[in-house]
Structures are given as structure tokens and as C-alpha cells.
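Chain by chain, the residues:
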Amino acid sequence: MTSEEKQREEAKRDRMYDPVLRWRHIQETITWAEANMPEHLRRNRPRVPKSLKPTL
Amino acid sequence: MNMNVDTILEVFQRHKVDAILIGGMNFLLRHQPVLTFDIDFWVRDNDENLSRVTAAMRELEAQWGKSEKTWGTLSANHDWRSQNIFCVTTKYGAVDIFREVQGLEGQYEACHARSLLEQTVSGIPYRSLSDRDMLACQLALPENERRLDRVTFLKNHLEQSS
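Numbering of residues begins from 1 in every chain and follows the order in which that chain's sequence is written. Whichever chain is written first becomes A and whichever ligand is written first becomes 1, with later ones labelled in order. Residue-level local features of this predicted model are given only where pLDDT is at least 70; pairs of side-chain atoms are given and counted only at 80 or more, and the full residue set underlies all totals for whole chains, interfaces and linings.

S.K.: Explain the interface of chain A and chain B here, please?
M.R.: It is common to give the size of an interface as the accessible area lost on bringing the parts into contact. For the purpose of contact definition, each residue receives a C-beta atom placed from its backbone, and two residues are in contact when these atoms lie within 7 Å. Listed per partner, the contact involves 23 residues of chain A and 27 residues of chain B. Strands are runs of DSSP state E lasting at least two residues, helices are runs of H or I lasting at least four, and both sets are numbered from the N terminus onward. For the side of chain A that touches chain B, the secondary structure elements donating two or more residues are helix 1 (3-16) and helix 2 (19-36) of chain A. By residue class, the composition of the side of chain A that touches chain B is 10 nonpolar, 5 polar and 8 charged. In this count, Pro and Cys sit with the nonpolar residues alongside Ala, Val, Leu, Ile, Met, Phe, Trp and Tyr, while Asp, Glu, Lys and Arg are called charged and the others, Gly among them, polar.

Given below as C-alpha cells:
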């Protein structure tokens, strides 16, 4: 398999992808990816309240 | 309700498709965020498994065509052997099906043995291509097409864990 084969297939799909559906898929994928990324990389991970953080 | 990627993984699982998750989504799930919107599967290339791929893809309402003129619902007797890669749309997102992966040609069995059985946050299991094999894929690409951030990350990660 060559990267040209892949690029040709991707370009064909891009042209045939319903833009509204594609936009919805992108939004859903971003949300899903955020929830499934390694824990320390999530933006919306639970924060420890300041009051519970150890102090020096 | 499961998110789109979970649904795709779940359908593959339910149809007992023998496949390894590769590409950006695999890297993202294991390591760090990358911009990726399709799900890449490397599938075992035998008749029985390719039939399962067809069943799974049809349940996902996959669309594909050899050309734009013939683009439409994936047929029940779709010939996966006509190409090495298929970029498909489904009701739940874009899916790429690879019969062969650049840099890992003819090594499905060994890569499967090295792959990791992981699961999503919702508990959907999937096979994940190992770091070593992810790096091999990147290094097989022409230099101007490699994702340098991934190459650097994987090299460092493999060095640290060896």
C-alpha cells in the first residue's frame, strides 16, 4: 500500500461526505476523544479544590 | 447513549471482526491529543474475517464507491481484495479499513500478538497497535509525510520504557 493510494481514497471520501453529517461527526468525535484521552490530558478533569490541596 | 466511536467499536466487537486499531485515534487513546476524525482499522485478511467486516460495515450503514459515480451503500458482496485501503463513511463517522499497512506488510500476526487489549471509558474493548509498531508505520512513510510529533514522542517513550 502506498501513501498515494490512501490520499486518493481520502480525497474521494471527502468529496462524497455530506458536509452536515461530517460536521456532526467531527463534533461528536471531539467530545468522545476528550472523554477517552489519557486522564492527565483531559481538559475537563475534576480539579482538587484549593482547600484540599496540600500546603508546604 | 454511546458516542459515535464507541458505536463503531462496539459493532466491530459484536461481529467478532479481527482488527487492530491503528492511526491517529489509536495514538490519541494511548498517549496524547492529535487532530484526527477517522477511525483506522487494520483487519485480518482472510475470507471469514472480511465477511465479518462487511456485516459490521453494513450495520453501520457504510457508504463507499470505486469512484464518485458509483458511491453508495456498501454492497453485501463487497470485494475487499480489490484494494488495500478503503476510506468509507458510516452513519457514525469516517472509517478507514486497511488490509495492509505501510511499514508492517505481511506482519499482521506478529503485530496482533504485540497489540494491547484496551477498552474505552464506556468499557468497549478494542485491540490497539503497539508503540513499536506505530513507530514503524511512521518511519515507513516518506519523510515529508511523517508526523514528527508522534515519531519523537514514540521514540522517547520506547527509550524510557526499555
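There is more to say, and it comes next.
S.K.: Any chance you could explain the nonpolar core here in plain terms?
M.R.: As a rule of thumb, nonpolar side chains are buried together in soluble globular proteins. Structurally, a nonpolar core is described as a collection of buried Ala, Val, Leu, Ile, Met, Phe, Trp, Tyr and Cys residues joined by way of C-beta atoms within 7 Å. Working definition of burial: number of other C-beta atoms within 10 Å of the residue's own, with buried at 20 or more, exposed at 12 or fewer, and partly exposed in between, all C-beta atoms being placed from the backbone. Ranked by internal contacts, the top residues of the largest apolar core, which has 44 residues, are B:Phe41, B:Trp42, B:Val88 and B:Ile97. Leave out the neighbours within four places in its chain, and B:Trp42 touches B:Ala19, B:Ile20, B:Ile22, B:Phe98, B:Val101 and B:Tyr108.

S.K.: Is there a simple way to think about the pairing of strand 1 (residues 19-22) of chain B in this case?
M.R.: Within a regular strand, side chains alternate between the sheet's two faces. All names here are of chain B. Alternating residues of strand 1 divide into Ala19 and Leu21 and Ile20 and Ile22, and every residue in both groups is buried. Pairing between strands is defined by DSSP: at least two bridges between the two strands are required. Both strand 1 and strand 2 (residues 38-43) contribute to a ladder of 4 bridges, which runs antiparallel. When the bridges of strand 2 are listed, Leu21 appears paired with Phe41.

S.K.: Just checking my understanding: could you explain the packing of helix 5 (residues 131-140) of chain B against helix 6 (residues 148-161) of chain B for this structure?
M.R.: Two numbers describe a pair of packed helices, the interaxial angle and the distance between the axes. All names here are of chain B. Orientation of helix 5 relative to helix 6, taken along the N-to-C sense of each, is 145 degrees, at an axis distance of 10 Å. Here the hand of the crossing between helix 5 and helix 6 comes out left-handed. Residue-level inspection shows Asp131, Arg132, Met134, Leu135, Gln138 and Leu139 of helix 5 in contact with helix 6, the latter providing Arg150, Val151, Leu154, Lys155, His157 and Leu158. Tallied by class, the residues present in the contact of helix 5 with helix 6 amount to 6 nonpolar, 2 polar and 4 charged. To obtain an axis, a line is fitted to C-alpha atoms, over the contacting stretch when the element is a helix, and the angle between two such axes runs from 0 to 180 degrees between their N-to-C directions. Handedness of each helix crossing follows the sense of rotation of the near helix against the far helix: counterclockwise by less than a right angle gives left-handed, clockwise gives right-handed.

S.K.: When you look at the pairing of strand 8 (residues 125-128) of chain B in this model, what are you seeing that I'm missing?
M.R.: By the bridge criterion, 4 bridges tie strand 7 (residues 116-119) of chain B to strand 8 of chain B in an arrangement that is antiparallel. Residue pairing across strands places B:Leu117 opposite B:Arg127, the latter belonging to strand 8 of chain B.

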